[in-house]
There are 2 protein chains.
Amino acid sequence: MSDNLAEDQSMIYREKGYRCGIDVTLAVVGGKWKSSILWHLAQETMRFSDLQRQFSDTTRKMLTQQLRELEADGMVHRKVYPQVPPKVEYSLTEKGRSIHPILEQMCAWGKAFVGE
Amino acid sequence: MSDNLAEDQSMIYREKGYRCGIDVTLAVVGGKWKSSILWHLAQETMRFSDLQRQFSDTTRKMLTQQLRELEADGMVHRKVYPQVPPKVEYSLTEKGRSIHPILEQMCAWGKAFVGE
DNA sequence: TTTTACGGTTCCCAAAGGGGTACTACGTTC
DNA sequence: GAACGTAGTACCCCTTTGGGAACCGTAAAA
(Lines give C-alpha, C1' and ligand atoms only; values in the text may rest on other atoms or scores of the structure.)
Protein backbone atom coordinates (compact mmCIF):
# COMPACT_ATOMS: atom_id res chain seq x y z
CA MET A 1 0.00 0.00 0.00
CA SER A 2 2.97 2.26 0.59
CA ASP A 3 5.49 2.95 -2.12
CA ASN A 4 8.22 4.38 0.07
CA LEU A 5 9.85 4.02 3.43
CA ALA A 6 7.41 6.20 5.31
CA GLU A 7 5.24 3.30 6.40
CA ASP A 8 8.10 1.35 7.89
CA GLN A 9 9.20 4.34 9.90
CA SER A 10 5.68 5.32 10.78
CA MET A 11 5.04 6.47 14.31
CA ILE A 12 2.01 4.29 14.40
CA TYR A 13 4.05 1.18 13.91
CA ARG A 14 6.41 2.11 16.66
CA GLU A 15 3.56 3.03 18.92
CA LYS A 16 2.30 0.28 21.15
CA GLY A 17 -1.01 -0.26 22.76
CA TYR A 18 -3.66 0.62 20.23
CA ARG A 19 -6.45 -1.83 20.51
CA CYS A 20 -8.37 -1.40 17.28
CA GLY A 21 -8.58 0.59 14.10
CA ILE A 22 -10.26 3.49 15.85
CA ASP A 23 -7.28 3.98 18.11
CA VAL A 24 -5.00 4.02 15.10
CA THR A 25 -7.12 6.63 13.36
CA LEU A 26 -7.24 8.76 16.48
CA ALA A 27 -3.49 8.51 16.86
CA VAL A 28 -3.04 9.78 13.31
CA VAL A 29 -5.52 12.69 13.32
CA GLY A 30 -5.90 13.29 17.04
CA GLY A 31 -3.17 15.87 17.51
CA LYS A 32 -4.31 19.37 18.29
CA TRP A 33 -3.64 20.73 14.79
CA LYS A 34 -3.46 17.62 12.65
CA SER A 35 -7.02 17.41 11.41
CA SER A 36 -6.99 21.10 10.53
CA ILE A 37 -3.73 20.72 8.67
CA LEU A 38 -5.09 17.78 6.70
CA TRP A 39 -8.24 19.75 6.01
CA HIS A 40 -6.41 22.76 4.61
CA LEU A 41 -3.91 20.73 2.62
CA ALA A 42 -6.84 18.96 0.99
CA GLN A 43 -7.67 22.22 -0.74
CA GLU A 44 -4.18 23.10 -1.87
CA THR A 45 -0.51 22.47 -1.50
CA MET A 46 0.88 24.97 0.95
CA ARG A 47 4.23 26.38 1.91
CA PHE A 48 5.24 26.37 5.54
CA SER A 49 4.70 30.12 5.70
CA ASP A 50 1.20 29.69 4.27
CA LEU A 51 0.41 27.28 7.07
CA GLN A 52 1.84 29.72 9.58
CA ARG A 53 -0.48 32.41 8.27
CA GLN A 54 -3.43 30.02 8.31
CA PHE A 55 -2.68 28.88 11.86
CA SER A 56 -1.65 32.18 13.33
CA ASP A 57 -2.70 31.03 16.79
CA THR A 58 0.01 28.46 17.12
CA THR A 59 3.78 28.53 16.91
CA ARG A 60 6.28 27.49 14.27
CA LYS A 61 7.38 24.80 16.65
CA MET A 62 3.97 23.20 16.99
CA LEU A 63 3.35 23.35 13.26
CA THR A 64 6.67 21.70 12.54
CA GLN A 65 6.00 19.04 15.12
CA GLN A 66 2.58 18.13 13.82
CA LEU A 67 3.75 18.17 10.21
CA ARG A 68 6.66 15.89 11.05
CA GLU A 69 4.36 13.40 12.70
CA LEU A 70 1.94 13.48 9.79
CA GLU A 71 4.88 12.97 7.46
CA ALA A 72 6.15 10.03 9.54
CA ASP A 73 2.68 8.51 9.25
CA GLY A 74 2.75 8.95 5.50
CA MET A 75 -0.12 11.44 5.46
CA VAL A 76 1.69 14.44 4.04
CA HIS A 77 4.55 14.88 1.65
CA ARG A 78 7.29 17.41 2.32
CA LYS A 79 9.07 18.85 -0.65
CA VAL A 80 12.16 20.94 -0.02
CA TYR A 81 13.46 23.32 -2.66
CA PRO A 82 17.22 23.76 -2.24
CA GLN A 83 17.29 27.51 -2.27
CA VAL A 84 17.75 30.46 0.03
CA PRO A 85 15.62 31.56 1.68
CA PRO A 86 14.26 28.05 2.07
CA LYS A 87 11.09 26.94 0.37
CA VAL A 88 9.20 23.92 1.63
CA GLU A 89 5.90 22.74 0.27
CA TYR A 90 3.49 20.43 2.03
CA SER A 91 0.90 18.37 0.22
CA LEU A 92 -1.29 15.37 0.96
CA THR A 93 -0.25 11.89 -0.01
CA GLU A 94 -2.79 9.41 -1.30
CA LYS A 95 -3.14 8.13 2.23
CA GLY A 96 -3.65 11.66 3.48
CA ARG A 97 -6.40 12.22 0.95
CA SER A 98 -8.10 8.95 1.89
CA ILE A 99 -9.14 10.22 5.29
CA HIS A 100 -10.95 13.27 4.02
CA PRO A 101 -14.42 11.67 3.89
CA ILE A 102 -14.09 10.81 7.56
CA LEU A 103 -13.00 14.33 8.44
CA GLU A 104 -16.00 15.69 6.58
CA GLN A 105 -18.34 13.47 8.55
CA MET A 106 -16.66 14.37 11.82
CA CYS A 107 -17.06 18.02 10.93
CA ALA A 108 -20.74 17.61 10.16
CA TRP A 109 -21.40 15.53 13.26
CA GLY A 110 -19.60 18.04 15.48
CA LYS A 111 -21.56 20.94 14.06
CA ALA A 112 -24.80 19.09 14.60
CA PHE A 113 -23.66 18.33 18.12
CA VAL A 114 -23.26 21.97 19.07
CA GLY A 115 -26.51 22.69 17.31
CA GLU A 116 -25.74 24.68 14.23
CA MET B 1 -32.25 17.74 19.86
CA SER B 2 -31.88 16.90 23.53
CA ASP B 3 -34.84 16.12 25.70
CA ASN B 4 -33.14 16.55 29.04
CA LEU B 5 -30.60 18.70 30.84
CA ALA B 6 -27.54 16.83 29.66
CA GLU B 7 -26.93 19.13 26.74
CA ASP B 8 -26.94 22.27 28.85
CA GLN B 9 -24.44 20.75 31.24
CA SER B 10 -22.39 19.23 28.47
CA MET B 11 -18.66 19.38 28.89
CA ILE B 12 -18.36 20.41 25.31
CA TYR B 13 -20.32 23.56 25.90
CA ARG B 14 -18.16 24.54 28.82
CA GLU B 15 -15.05 23.74 26.91
CA LYS B 16 -13.56 26.64 25.02
CA GLY B 17 -11.28 26.74 22.08
CA TYR B 18 -12.61 24.22 19.60
CA ARG B 19 -12.26 25.67 16.17
CA CYS B 20 -14.57 23.49 14.09
CA GLY B 21 -16.83 20.47 14.14
CA ILE B 22 -13.90 18.10 13.99
CA ASP B 23 -12.52 19.41 17.27
CA VAL B 24 -15.88 18.91 18.88
CA THR B 25 -16.11 15.34 17.65
CA LEU B 26 -12.59 14.59 18.83
CA ALA B 27 -13.38 16.07 22.22
CA VAL B 28 -16.36 13.74 22.54
CA VAL B 29 -14.81 10.47 21.37
CA GLY B 30 -11.12 11.22 21.83
CA GLY B 31 -10.72 9.93 25.38
CA LYS B 32 -8.65 6.82 25.76
CA TRP B 33 -11.61 4.51 26.33
CA LYS B 34 -14.55 6.48 25.00
CA SER B 35 -14.73 5.17 21.47
CA SER B 36 -14.43 1.60 22.73
CA ILE B 37 -17.16 2.18 25.27
CA LEU B 38 -19.45 3.62 22.62
CA TRP B 39 -18.61 0.71 20.37
CA HIS B 40 -19.49 -1.92 22.94
CA LEU B 41 -22.62 -0.17 24.15
CA ALA B 42 -23.82 -0.07 20.56
CA GLN B 43 -24.17 -3.85 20.73
CA GLU B 44 -25.92 -4.03 24.07
CA THR B 45 -26.80 -2.26 27.25
CA MET B 46 -24.20 -3.14 29.85
CA ARG B 47 -23.84 -3.02 33.59
CA PHE B 48 -20.82 -1.32 35.08
CA SER B 49 -19.39 -4.71 36.00
CA ASP B 50 -19.86 -5.90 32.42
CA LEU B 51 -17.80 -2.97 31.24
CA GLN B 52 -15.17 -3.74 33.85
CA ARG B 53 -14.90 -7.26 32.53
CA GLN B 54 -14.75 -6.02 28.95
CA PHE B 55 -12.09 -3.44 29.79
CA SER B 56 -10.04 -5.47 32.18
CA ASP B 57 -6.93 -3.47 31.37
CA THR B 58 -8.19 -0.29 32.94
CA THR B 59 -9.42 0.65 36.38
CA ARG B 60 -12.83 1.30 37.86
CA LYS B 61 -11.80 4.89 38.25
CA MET B 62 -10.97 5.43 34.59
CA LEU B 63 -14.15 3.70 33.47
CA THR B 64 -16.26 5.83 35.76
CA GLN B 65 -14.51 8.96 34.59
CA GLN B 66 -14.99 8.24 30.89
CA LEU B 67 -18.60 7.20 31.42
CA ARG B 68 -19.35 10.37 33.35
CA GLU B 69 -17.94 12.50 30.58
CA LEU B 70 -19.88 10.63 27.92
CA GLU B 71 -22.97 11.06 30.05
CA ALA B 72 -22.33 14.80 30.44
CA ASP B 73 -22.06 15.02 26.67
CA GLY B 74 -25.36 13.22 26.28
CA MET B 75 -23.85 10.18 24.59
CA VAL B 76 -24.76 7.53 27.15
CA HIS B 77 -27.62 7.06 29.54
CA ARG B 78 -27.02 5.90 33.08
CA LYS B 79 -29.79 4.01 34.80
CA VAL B 80 -29.45 3.35 38.49
CA TYR B 81 -31.48 0.61 40.14
CA PRO B 82 -32.05 1.47 43.80
CA GLN B 83 -30.97 -1.83 45.30
CA VAL B 84 -28.13 -3.40 47.20
CA PRO B 85 -25.67 -4.34 45.93
CA PRO B 86 -25.97 -1.51 43.44
CA LYS B 87 -26.95 -2.09 39.85
CA VAL B 88 -26.22 0.49 37.17
CA GLU B 89 -26.89 0.04 33.49
CA TYR B 90 -25.31 2.03 30.71
CA SER B 91 -26.84 2.41 27.28
CA LEU B 92 -26.46 4.68 24.28
CA THR B 93 -28.69 7.67 23.77
CA GLU B 94 -29.90 8.63 20.32
CA LYS B 95 -26.94 10.98 20.07
CA GLY B 96 -24.61 8.19 21.11
CA ARG B 97 -25.99 5.95 18.42
CA SER B 98 -25.63 8.67 15.80
CA ILE B 99 -21.87 8.55 15.87
CA HIS B 100 -21.62 4.85 15.16
CA PRO B 101 -21.23 5.18 11.37
CA ILE B 102 -18.23 7.42 11.92
CA LEU B 103 -16.68 4.99 14.37
CA GLU B 104 -17.15 2.20 11.83
CA GLN B 105 -15.36 4.19 9.20
CA MET B 106 -12.57 5.13 11.56
CA CYS B 107 -12.20 1.48 12.44
CA ALA B 108 -11.99 0.44 8.80
CA TRP B 109 -9.59 3.23 7.91
CA GLY B 110 -7.33 2.41 10.84
CA LYS B 111 -7.23 -1.26 9.93
CA ALA B 112 -6.36 -0.40 6.35
CA PHE B 113 -3.69 1.93 7.68
CA VAL B 114 -1.88 -0.78 9.55
CA GLY B 115 -2.34 -3.02 6.57
CA GLU B 116 -4.77 -5.75 7.52
C1' DT C 1 27.51 46.00 7.10
C1' DT C 2 23.13 45.24 8.66
C1' DT C 3 18.65 43.54 7.74
C1' DT C 4 15.23 40.44 5.83
C1' DA C 5 13.12 36.14 4.55
C1' DC C 6 12.22 31.29 5.50
C1' DG C 7 12.02 27.18 7.80
C1' DG C 8 13.36 25.42 11.13
C1' DT C 9 15.66 23.60 16.29
C1' DT C 10 16.62 23.76 21.45
C1' DC C 11 15.55 24.36 26.07
C1' DC C 12 12.43 24.92 29.53
C1' DC C 13 7.83 25.07 31.62
C1' DA C 14 2.64 24.38 32.41
C1' DA C 15 -1.50 21.88 31.78
C1' DA C 16 -3.99 17.91 30.70
C1' DG C 17 -4.69 13.20 30.76
C1' DG C 18 -4.15 8.74 32.56
C1' DG C 19 -3.49 5.58 36.40
C1' DG C 20 -2.72 3.07 41.23
C1' DT C 21 -4.19 2.29 45.91
C1' DA C 22 -7.12 2.73 49.46
C1' DC C 23 -11.49 3.81 51.29
C1' DT C 24 -16.80 3.98 51.24
C1' DA C 25 -21.88 2.38 51.56
C1' DC C 26 -25.08 -1.15 52.64
C1' DG C 27 -28.11 -5.08 52.48
C1' DT C 28 -27.46 -10.04 52.21
C1' DT C 29 -25.28 -14.25 53.24
C1' DC C 30 -22.27 -17.29 55.97
C1' DG D 1 -20.15 -10.51 63.74
C1' DA D 2 -17.46 -10.98 59.59
C1' DA D 3 -17.18 -11.34 54.69
C1' DC D 4 -19.16 -10.46 50.13
C1' DG D 5 -20.61 -7.90 46.06
C1' DT D 6 -21.45 -3.60 43.28
C1' DA D 7 -20.44 0.79 42.00
C1' DG D 8 -18.36 3.97 43.08
C1' DT D 9 -14.98 8.31 45.39
C1' DA D 10 -10.55 10.54 47.24
C1' DC D 11 -5.90 11.37 47.05
C1' DC D 12 -1.63 11.36 44.99
C1' DC D 13 1.57 10.46 41.21
C1' DC D 14 3.60 10.15 36.58
C1' DT D 15 3.69 10.76 31.60
C1' DT D 16 2.24 13.04 27.58
C1' DT D 17 1.05 17.00 25.21
C1' DG D 18 1.08 21.71 24.23
C1' DG D 19 3.37 26.06 24.20
C1' DG D 20 6.74 30.32 24.76
C1' DA D 21 11.17 32.51 23.91
C1' DA D 22 15.35 32.49 21.95
C1' DC D 23 18.65 30.88 18.68
C1' DC D 24 20.42 29.21 13.80
C1' DG D 25 22.06 29.37 8.67
C1' DT D 26 22.35 31.38 4.29
C1' DA D 27 21.91 34.40 0.24
C1' DA D 28 20.06 38.46 -1.48
C1' DA D 29 18.70 43.09 -0.78
C1' DA D 30 19.19 47.67 1.34
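Residues numbered from 1 in each chain as written. Chains lettered and ligands numbered in written order. Predicted model: local features only at pLDDT ≥ 70, side-chain atom pairs only at ≥ 80, totals over all residues. Heavy atoms only, no water.

Overview of the relation of the copies chain A and chain B
For these two chains of identical sequence, chain A goes onto chain B by a turn of 180° and a shift of 0.0 Å along the axis, with RMSD 0.0 Å. Taken together, the rotation and translation relating the two chain copies correspond to the operation of a two-fold axis. The share of interface residues of chain A whose copies in chain B are also at the interface is 100%, consistent with both copies meeting through the same surface. (Least-squares fit on C-alpha atoms with pLDDT ≥ 70 in both. Contact = heavy atoms within 4.5 Å.)

A look at the interface of chain A and chain B
Contact residues are listed per partner, giving 38 residues for chain A and 39 residues for chain B. The interface formed by chain A and chain B contains 0 salt bridges. The interface formed by chain A and chain B holds 9 residue pairs in polar contact (both at pLDDT 80 or more) in total. Elements that contribute at least two residues to the side of chain A that touches chain B include exactly helix 2 (11-14), helix 3 (21-29), helix 4 (34-43), helix 7 (94-98) and helix 8 (100-113) of chain A. Take the side of chain A that touches chain B: its biggest share by element is 10 residues, from helix 8 of chain A. Here the residues of the side of chain A that touches chain B are counted per class, giving 21 nonpolar, 9 polar and 8 charged. (Salt bridge = Lys/Arg side-chain N within 4 Å of Asp/Glu carboxyl O. Polar contact = N/O pair within 3.5 Å; in protein donor to acceptor, adjacent residues only side chain to side chain. Helix = DSSP H or I, 4+ residues; strand = E, 2+ residues; numbered from the N terminus. Nonpolar A, V, L, I, M, F, W, Y, C, P; charged D, E, K, R; others polar.)

Remarks on the pattern of salt bridges
All names here are of chain A. Within the structure shown, the criterion is met by 12 salt bridges over all chains. Here Glu-89 ties to Lys-87 by a salt bridge, and the two come within 3.9 Å at their closest N and O atoms. Note that Arg-97 is salt-bridged to Glu-94, the shortest N-O span being 2.6 Å. Remark: Glu-94 and Arg-97 occur in helix 7; sequence separation between them is 3 residues, near one turn of the helix. With relative accessibility at 43%, the residue Arg-97 sits in the partly exposed group. By relative accessible area, which is 58% here, Glu-94 ends up exposed. (Buried < 20%, exposed > 50% of the residue type's maximum accessible area, 1.4 Å probe, protein only.)

Remarks on the protein's contact with DNA strand D
As a matter of local geometry, DNA strand D sits amid 24 residues, with Lys32(A), Lys61(A), Arg68(B), Arg78(B) and Pro86(B) nearest to it. Each atom of DNA strand D within 4 Å of the protein belongs either to a base or to sugar and phosphate, the latter forming 60%. Here a phosphate oxygen of DNA strand D sits 3.1 Å away from a polar atom, N or O, in the side chain of Trp33(A). Separating a phosphate oxygen of DNA strand D from a side-chain N or O atom of Tyr90(B) is a distance of 2.9 Å. Elements with a contribution of two residues or more to the surface near DNA strand D: helix 6 (60-72) of chain A together with helix 5 (48-54), helix 6 (60-72) and strand 3 (87-92) of chain B. (Near = heavy atom within 4 Å.)

Considering the environment of Ser49(B)
Residue and element names in this part refer to chain B. Locating Ser-49 in the fold gives a position in helix 5. Assessed through its relative accessible area of 25%, Ser-49 is described here as partly exposed. Sequence separation between Ser-49 and Glu-89 is 40 residues; the distance between their C-alpha atoms is 9.2 Å.

Concerning the protein's contact with DNA strand C
Around DNA strand C, the surrounding shell holds 22 residues, and the nearest of these are Arg68(A), Arg78(A), Pro86(A), Lys32(B) and Lys61(B). Taking the atoms of DNA strand C that fall within 4 Å of the protein, sugar and phosphate contribute 59% of them. Contact between DNA strand C and Arg68(A): a phosphate oxygen at 2.7 Å from a side-chain N or O atom of the residue. Breaking the surface near DNA strand C down by element, the ones donating at least two residues are helix 5 (48-54), helix 6 and strand 3 (87-92) of chain A together with helix 6 of chain B. Residues belonging to the surface near DNA strand C are distributed by class as follows: 8 nonpolar, 5 polar and 9 charged.

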